[in-house]
2 protein chains.
Amino acid sequence: MKERIQQFTRFLEAAGGRKPADLLLTNLMLVDVYTGEIRPASISVSGGRIAAIDPDPAAGAKEVLDCGGQFAVPGFMDAHVHIETTLLTPEALGEVIVPWGTTTLMADAMEIANVAGEEGLLALTDQSEKLPFRLFLEIPSRVPTAPGLETTGGILGPEEVRRLMERPESVSLGELDPSKVLDLREEYLEKILAAMDAGRVCNGHAIGLGPRELNMYAAGHLTDDHECVTYQELLERLRVGIAVFIREGSSERNGRTLLEGVASHGLPTEHIMFCTDDKHVQDIVREGHISYNVQLAIDAGISPVQAIQMATINTARHFRMEDQLGSITPGRFADLMLLPDLKRIRPSLVLKDGRIAARDGKASPVPPKRYPERLFETVHIPPSLSEKDFAIPCQAGQALCRVIDLIPDQIINREAREWFSVWDGLIPADPERDLLKLSVVERYGKNGRVSSAFVRGFRLTSGALASSVSHDHHNIVVVGSNDHDMLLAARELERLQGGFACVYDGEVKASAALPLGGLMSSLPAPEVMAQMDCVNHAAAELGCQMAAPFMTLSFISLPTVPELGLTDMGLIDVLAHQICPLILETK
Amino acid sequence: MKERIQQFTRFLEAAGGRKPADLLLTNLMLVDVYTGEIRPASISVSGGRIAAIDPDPAAGAKEVLDCGGQFAVPGFMDAHVHIETTLLTPEALGEVIVPWGTTTLMADAMEIANVAGEEGLLALTDQSEKLPFRLFLEIPSRVPTAPGLETTGGILGPEEVRRLMERPESVSLGELDPSKVLDLREEYLEKILAAMDAGRVCNGHAIGLGPRELNMYAAGHLTDDHECVTYQELLERLRVGIAVFIREGSSERNGRTLLEGVASHGLPTEHIMFCTDDKHVQDIVREGHISYNVQLAIDAGISPVQAIQMATINTARHFRMEDQLGSITPGRFADLMLLPDLKRIRPSLVLKDGRIAARDGKASPVPPKRYPERLFETVHIPPSLSEKDFAIPCQAGQALCRVIDLIPDQIINREAREWFSVWDGLIPADPERDLLKLSVVERYGKNGRVSSAFVRGFRLTSGALASSVSHDHHNIVVVGSNDHDMLLAARELERLQGGFACVYDGEVKASAALPLGGLMSSLPAPEVMAQMDCVNHAAAELGCQMAAPFMTLSFISLPTVPELGLTDMGLIDVLAHQICPLILETK
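Being a predicted model, the structure only gives us computed values, none of them experimental. (Residues numbered from 1 in each chain as written. Chains lettered and ligands numbered in written order. Predicted model: local features only at pLDDT ≥ 70, side-chain atom pairs only at ≥ 80, totals over all residues. Heavy atoms only, no water.)

### A few points about the overall build of chain A
Right, so step 1: For chain A, the count of helices and strands is 16 helices and 29 strands.
Right, so step 2: Relative to the compact-globule value of 25 Å for 587 residues, chain A shows a C-alpha radius of gyration of 25 Å, a close match.
Right, so step 3: Taken along the three principal axes of its C-alpha coordinates, chain A extends 90 × 50 × 45 Å.
Right, so step 4: The buried share of chain A, reckoned over its 587 residues, is 65%. (Helix = DSSP H or I, 4+ residues; strand = E, 2+ residues; numbered from the N terminus. Rg over C-alpha atoms; globule rule 2.2 N^0.38 Å. Buried < 20%, exposed > 50% of the residue type's maximum accessible area, 1.4 Å probe, protein only.)

Given below as structure tokens:
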């Protein structure tokens, strides 16, 4: 406390102009998200925070930066993002997003939590003060997502959630799918109460809900939703007091429609903010991050100040941190950017904690970070694992089996039914009919279970693909034409301790390591992108024509996306929420 | 937890239309503070909370109320109020404010805290669920206000503040005067940090601060101010990220000027809300409570929806309770009113917790409440107290003394200097020159100190007036023409255990008891008003021409309002923040 008071005192002295500031930004146009004004101003910074607006020039500063008349805008905030799906560590992600002006992420790190529980979660934010952006946690509500239907590395029950909720880096309960509330699941109601007790909000995920269900969802204290697709949905959410995060991700591109609706109806925007949810590195590099949402808002006819408010103060208020974030006012973190043009969001300079984090599209170097050793050792499959474990035995001559039938460009799938021939008491894949084997190998060393089924849509003519990213349990998922290559692909992921592998004819053709929790690379963004090109190319050579086969593979085993899922415990009938038999009939 | 979950579950079932609601309000125009719409709707209520907007009619309700097309508006919130200065208990105050639609008070109960510390504070909110309004605490930051210069009954140091801050009824650190931050007083910085750690805001009191000092105040994490008098001041506060509470009290009538400024400049109002601070019962009864602020806003040209937002959702968001309060949306408390006319704020019906709290200007009866016995025993003066204790001895024949020179209708005073004749070694009052004696008697039984000085402005020709309300220490303050009547007046307050007394020629002419902490009456509002008329009338008969002599008396001893104050420790030079001698020169 003594030290905090001293630090506070030093800061106040600088704010009062009694001591020189660390930095003085002069000759700028301040975008004031409180009054809506854009006005000439100067800004002083001390101890990483905004000390004063238009400080007494006599107070002086250690460093002065003439901003050449550019606009000063608060750093952008992403209200909901899954860091792990970028395949990058926070350090590497920073290099990509900070040049676009994003200085705060509200991260629902449910992937690493499913792999490594509380330890994994907290390893992400440990030492996050060294990052070029501010990292807060939306404490994942679904670890595991489907209790009883999958094995995960970590479990966050109500007790863990309550403990985590009290931490300073926590901002909310992470997205809770509606079924948990609509089905009155006690465990999740307890998690909601824990969030409320800690003064945190509860992030929603109100996909497809109509007004009646929204009443119940809002009554369950869900405070926001990032799944709106139409303006009508957006309006219906606000009408029950649910704030809206307008999402612009890689696949889900909701921005244009929603923002045009808001602009054309002149809807108040205080309860509307921005998120990316899942956005690939390539897309971030090409078009921007939250800056792109802001750009879409401006292009839709919303005023630049209002668009900036949606990316800054609105988010800060929603998460109850407006005294720390979201504006360029005294006491807040000195996270801001300079824009040469207010209608084209391309920052020339980005500051975090009052230090230069990016300039002209290039991030400042960030010191590497050490993660706990255990997070690099999360793939444990039994030494005894053999081809036999991938086999699907059958006593008859022919078998009618369920098949996971992929729908191109969609995350959902259909259940198909196909007859297979039995060979030597086993049902093999049938690549000619695009009926491949799909297996999930439990990778946390808890039981070593392997379960197998059939899938249509990958069109591999031979070989196998494996991934240790497989939502949300993140066991090893393998698709292949034969058990031999499938085993090898799984073994390659064990060797790499996670990643993607492409195997053909007993040989690893290409692989990409994701050793941090089996989810994230240790490499910088450009190298990760190059590796992905490489494994995708190898998959194409085996006949797979998908744009992103490993992405598809990573979502295929989800036990919560209809109609079928596959976990280490077996084939899942998602709508019935239970394990179902693979073989329906034999002859 | 079991029980909370069950209750939550029952509520969700009603919200989902699976069980009948307690109450269904039909045929109304909903004022939607999220979207800004006014639209036809119905509202269901269950377990005291809004369950659904436009619920499925098939779900049914135990009771249905046809609202006849009236407007449904969220209950109003007072962002900053001192309950004790109304002289009423919360129960009695409710009868006066709830008919005007106020359903939530953010109370800075610094008076009772100065008298009885934590116990006094928590006695106010104990069982507050039975009140017809919602009562939250702004934890007083100044108990005592002037440490070292006054004796108080209670003390709230940083440790007590930290503990209190964690309580569910706490919403903020109560108004912190700027000097504490500008002077870098460690104890107060610690209290600010305690509030921040608990996720609470810090209420400001930025009276008279210019932009430079505001920078320092905002940097100190002060989040709001209710002392703006001009539009320019309001703008300057928003520009440093300090929210503005527009105050309309009995003496401080800032509403019209500020709201006309906001309206004429089209300033965004998200960070502007309403408070009364100090408003007398007569004024509330006559013109309204927060309803009057709303009315002023509408009259100034602000749209009714925006005016209502300032009284509801803006306040709820500021205090980080928008998931509980401030809108008519599912999950929030069913605190609302019906208005026949949206431009004339006169509720026909007020609900709190979904139950009728007032109808047509009349409050529903509230069960009486028992307070701890100790709070009725707060006046302890030494049995040995005698006229001698009020005497001002002097060895010479004449003495030049400092005089507290009142300025009509202002809280500040000037220091005057007058020569007095000495009689029998004592300096008596000199009513002919309107130079009366003023004494403060320590009333907490801690030291029994009495200190005396002179005052000009009361114009008593004889007798004495005494009060146990004396900001902020609330010792007994007595003004009089002679020591005999002054002693009797103090004794009368001891007998009543607090209140106001008017004494003449050895006899109590009139008195009003304020036995709860020596600050609040046990009676309902009309009786308290009648008693006040009575004591004021008696004071007038003694020659005092002030409109509110006991109010003046209650502020005269403040050791923080320039130029002079008087506490049990002596005459205070306020600007020098130290005790100063009464007698300057003798001859």
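Moving on from the model shown.
### Points about the state of the cysteines
Right, so step 1: What the rule picks out here adds up to zero disulfides over all chains.
Right, so step 2: Considering cysteine sulfurs only, A:Cys401 is the nearest to A:Cys580, which forms no disulfide, with 11 Å between them.
Right, so step 3: Classification of A:Cys580 as buried rests on a relative accessible area of 10%.
Right, so step 4: Note on B:Cys534: no disulfide assigned, nearest cysteine sulfur contributed by B:Cys502 at a separation of 9.1 Å. (Disulfide = S-S within 2.5 Å.)

### A word on the environment of A:Ile112
All names here are of chain A.
Right, so step 1: With respect to the secondary-structure elements, Ile112 resides in helix α3 (residues 110–125).
Right, so step 2: For Ile112, a relative accessible area of 1% gives the class buried.
Right, so step 3: Put simply, Ile112 and Leu375 are 263 residues apart on the chain and 9.2 Å apart in space, counted from C-alpha to C-alpha.
Right, so step 4: Once residues within four sequence positions are removed from consideration, Ile112 is found in contact with Glu84, Gly117, Gly120, Leu121, Leu124, Gly517, Leu519 and Met520. (Contact = heavy atoms within 4.5 Å.)

### Here's the deal with the relation of the copies chain A and chain B
Right, so step 1: Mapping chain A onto chain B leaves a residual RMSD of 0.1 Å; the transformation is a rotation of 180° accompanied by 0.0 Å of translation along its axis. Given the turn and translation reported, the copies of this chain are related as if by a two-fold rotation axis. Considering only C-alpha atoms, the part of chain A nearest the rotation axis is A:Arg320, at 3.1 Å. (Least-squares fit on C-alpha atoms with pLDDT ≥ 70 in both.)

### Notes on the pairing of strand β14 (residues 336–339) of chain A
Residues and elements named next belong to chain A.
Right, so step 1: Of the two faces of β14, the one carrying Leu336 and Leu338 and the one carrying Met337 and Leu339 are both buried.
Right, so step 2: Across four bridges, the pairing between strand β5 (residues 71–74) and β14 is antiparallel. If you follow Ala72 over to β14, its bridge partner there is Leu338.
Right, so step 3: Note: β14 against strand β15 (residues 349–352), three bridges, orientation antiparallel. Its bridge partner being in β15, Met337 is matched across the sheet by Val350. (Pairing = 2+ DSSP bridges.)

### Brief notes about the sheet that holds strand β12 (residues 243–247) of chain B
All names here are of chain B.
Right, so step 1: Strand order in this open sheet of three strands is β11-β12-β13, and the pairing throughout is parallel. One side of each edge strand has no neighbouring strand; the edge strands of this open sheet are β11 (224–225) and β13 (272–275).
Right, so step 2: Sheet contacts for helix α9 (residues 255–265): β12 and β13; angle to β12, the most-contacted strand, approximately 135°. (Axes fitted to C-alpha atoms, helices over the stretch in contact; angles between N-to-C directions.)

### Considering the confidence of the model for chain A
Should pLDDT be low for a region, the predicted coordinates there are not to be read in detail.
Right, so step 1: Of all residues in chain A, 100% have pLDDT values of 70 or greater, and the mean over the chain is 96.
Right, so step 2: In the model output, the complex is listed with pTM 0.95 alongside ipTM 0.94. (pLDDT = per-residue confidence, 0-100.)

### A short note on the packing of aromatic side chains
Right, so step 1: For the structure on display, the rule yields six aromatic pairs over all chains.
Right, so step 2: Ring centres of A:Phe500 and A:Phe550 lie 4.9 Å apart, and the angle between their planes is 40°; on these two criteria the pair is classed as tilted. Note that A:Phe500 is positioned in strand β24 (residues 499–504) and A:Phe550 in helix α16 (residues 549–556), a separation of 50 residues in sequence. Per residue, the accessibility class of A:Phe500 equals that of A:Phe550, and both read buried.
Right, so step 3: Just above the ring of A:Phe420 sits the side chain of A:Arg433; from NZ or CZ to the centre is 5.6 Å.
Right, so step 4: If you follow B:Arg134 out to its NZ or CZ, it ends over the ring of B:Phe333, 3.6 Å from the centre. (Phe/Tyr/Trp six-rings, centres within 6.5 Å; stacked < 30°, edge-to-face > 60°. Lys NZ or Arg CZ within 6 Å of the ring centre and 35° of its normal.)

### Quick look at the sheet that holds strand β11 (residues 224–225) of chain A
All names here are of chain A.
Right, so step 1: In spatial order, the strands read β11-β12-β13; together these three strands make up an open sheet with parallel pairing. Strands with a single pairing partner mark the edges of an open sheet, and in this sheet they are β11 and β13 (272–275).
Right, so step 2: Bridge count for strand β12 (residues 243–247) against β13 is four bridges, and the pairing is parallel. Its bridge partner being in β13, Val244 is matched across the sheet by Ile272.

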